[in-house]
Amino acid sequence: MAQNQDSTATTVLVLVGSLRAASINRQLAELAVESAPEGVTLQVFDRLGELPLYNEDIDTDDIDNGDLAEPVRALRAAAAAVDAALVVTPEYNGSIPGVLKNAIDWLSRPWGNSALKDKPFAVIGT
C-alpha cells in the first residue's frame, strides 16, 4: 500500500453513504474513526450531499480546474491525499444510495487516472 509522507502512517478516506445525521452507518464510521489503530488516520469526507450530479459535460481531466464545482475538487483532492478508502453505507432498494453512487462516479474520473487509482477500497455497512 502506498503510504503518505510519514512512512509509518496510513490515511484512509471515509465516505458515508447516508446523509442522515443519526444514521447507524454514520455512527459506524464515527466509531471506526475513534477506534483506528495507532498509525492509521481515518478522515470522513462529509460533503457528499453537496456534489452536483455527475455529468461528463462539466467534468475535465484537470482536478485543479477552477470551473469544476468546488465540492468535486475537494472530494478529488481528499481522495488523492490518502492511502486507501473506506465506504460505510446502508443498502437502499437492493443497491447503494444515489449520493454514494454519484461520489463514486466523480471519483472514478478521469478514466485511468482517478484520485483512487491503485488504492485499496473497502465497503462496510450495518
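A brief structural summary. All chains use their own residue numbering, which begins from 1 and follows the written sequence. In keeping with the predicted nature of the model, local features appear solely for residues at pLDDT of at least 70, side-chain atom pairs appear and are counted solely at 80 or more, and the whole-chain, interface and lining totals rest on all residues. Excluded from the side-chain calculation are hydrogens and water; included are all heavy atoms of the structure.

## Looking at the sheet that holds strand 2 (residues 40-45)
Piece 1. Here four strands make up an open sheet; going across it, the order is 2-1-3-4 and the pairing parallel. Two strands close off the open sheet at either side, each with one partner strand: strand 2 and strand 4 (121-124). Neighbour to neighbour, the strand axes of the sheet diverge by 25° on average, direction disregarded.
Piece 2. Most of the contacts of helix 2 (residues 70-80) go to strand 2, to which it runs at about 165°, and overall it touches strand 1 (10-16) and strand 2. The pairing criterion is simple: DSSP has to find at least two bridges between the two strands. Helix and strand definitions follow DSSP, with helices as H or I runs of at least four residues and strands as E runs of at least two, each counted in order from the N terminus. Lines fitted to C-alpha atoms define the axes here, with helix axes fitted over just the stretch in contact, and angles between the N-to-C directions of these axes take values from 0 to 180 degrees. A contact between two residues is defined here by any heavy atoms of the two lying within 4.5 Å.

## Things to note about the pairing of strand 1
Put simply, side chains in a regular strand alternate between the two faces of the sheet.
Piece 1. Burial classification: accessible surface area is computed with a 1.4 Å probe over protein chains only, and a residue below 20% of its type maximum counts as buried, one above 50% as exposed, and the rest as partly exposed. The buried fraction of strand 1 is high, at seven of seven residues.
Piece 2. Across the two faces of strand 1 the burial is the same, with Thr10, Val12, Val14 and Val16 and Thr11, Leu13 and Leu15 all buried.
Piece 3. Pairing between strand 1 and strand 2: six bridges, direction parallel. What sits directly across from leucine 13, in strand 2, is glutamine 43.
Piece 4. Read as a crossover between parallel neighbours, the route from strand 1 over helix 1 (residues 24-35) to strand 2 is right-handed.
Piece 5. As paired strands, strand 1 and strand 3 (residues 84-88) are joined by five bridges and run parallel to one another. Each bridged residue has a counterpart across the sheet, and for leucine 15 the counterpart in strand 3 is valine 87. By definition, the crossover connecting two strands over a helix is right-handed if that path, from the first strand to the second, turns clockwise as seen with the strands pointing away from the viewer.

## So, the pairing of strand 4
Piece 1. In this structure, strand 3 lies alongside strand 4, joined through four bridges in parallel fashion. For leucine 86, the partnering residue across the bridge sits in strand 4 and is alanine 122.
Piece 2. After leaving strand 3, the chain enters helix 3 (residues 98-107) and then returns to the sheet as strand 4, a path that is right-handed.

## Comments concerning the packing of aromatic side chains
Piece 1. Classification of ring pairs uses Phe, Tyr and Trp, with its six-membered ring standing for Trp, and accepts pairs whose centres are within 6.5 Å; under 30 degrees between planes counts as stacked, over 60 as edge-to-face, and the remaining range as tilted. For the structure on display, the rule yields one aromatic pair.
Piece 2. Ring geometry for tyrosine 54 and tryptophan 106: centres 4.6 Å apart, planes at 70°, overall edge-to-face. Within this pair, whereas tyrosine 54 is found in the loop between strand 2 and helix 2, its partner tryptophan 106 is found in helix 3, the two being separated by 52 residues in sequence.
Piece 3. Note on tryptophan 106: relative accessible area 0%, which makes it buried.

## Points about helix 1
Think of an α-helix as turning once every 3.6 residues; residues three or four places apart then point the same way.
Piece 1. Helix span, expected: 1.5 Å multiplied by one less than the number of residues in the helix. Spanning 12 residues, helix 1 covers 16 Å between terminal C-alpha atoms, matching the ideal 16 Å at 1.5 Å per step.
Piece 2. For helix 1, the set of buried residues is Asn25, Arg26 and Ala29. Down the axis of helix 1, the smallest arc covering the buried residues is 105°, so these residues share one side. Residues Ile24 and Glu34 are exposed on helix 1 and point more than 90 degrees away from its buried face.
Piece 3. Residues of helix 1 that are buried make contact with strand 1 and strand 3.
Piece 4. Backbone nitrogen of asparagine 25 and a side-chain oxygen of the N-cap are separated by 3.1 Å at the start of helix 1; the cap is serine 23. This arc corresponds to the set of directions leading from the helix axis out to the C-beta atoms. N or O atoms within 3.5 Å of each other form a polar contact, as long as, within protein, one can give a hydrogen and the other can take it, and as long as residues adjacent in sequence are counted only when both atoms are side-chain atoms.

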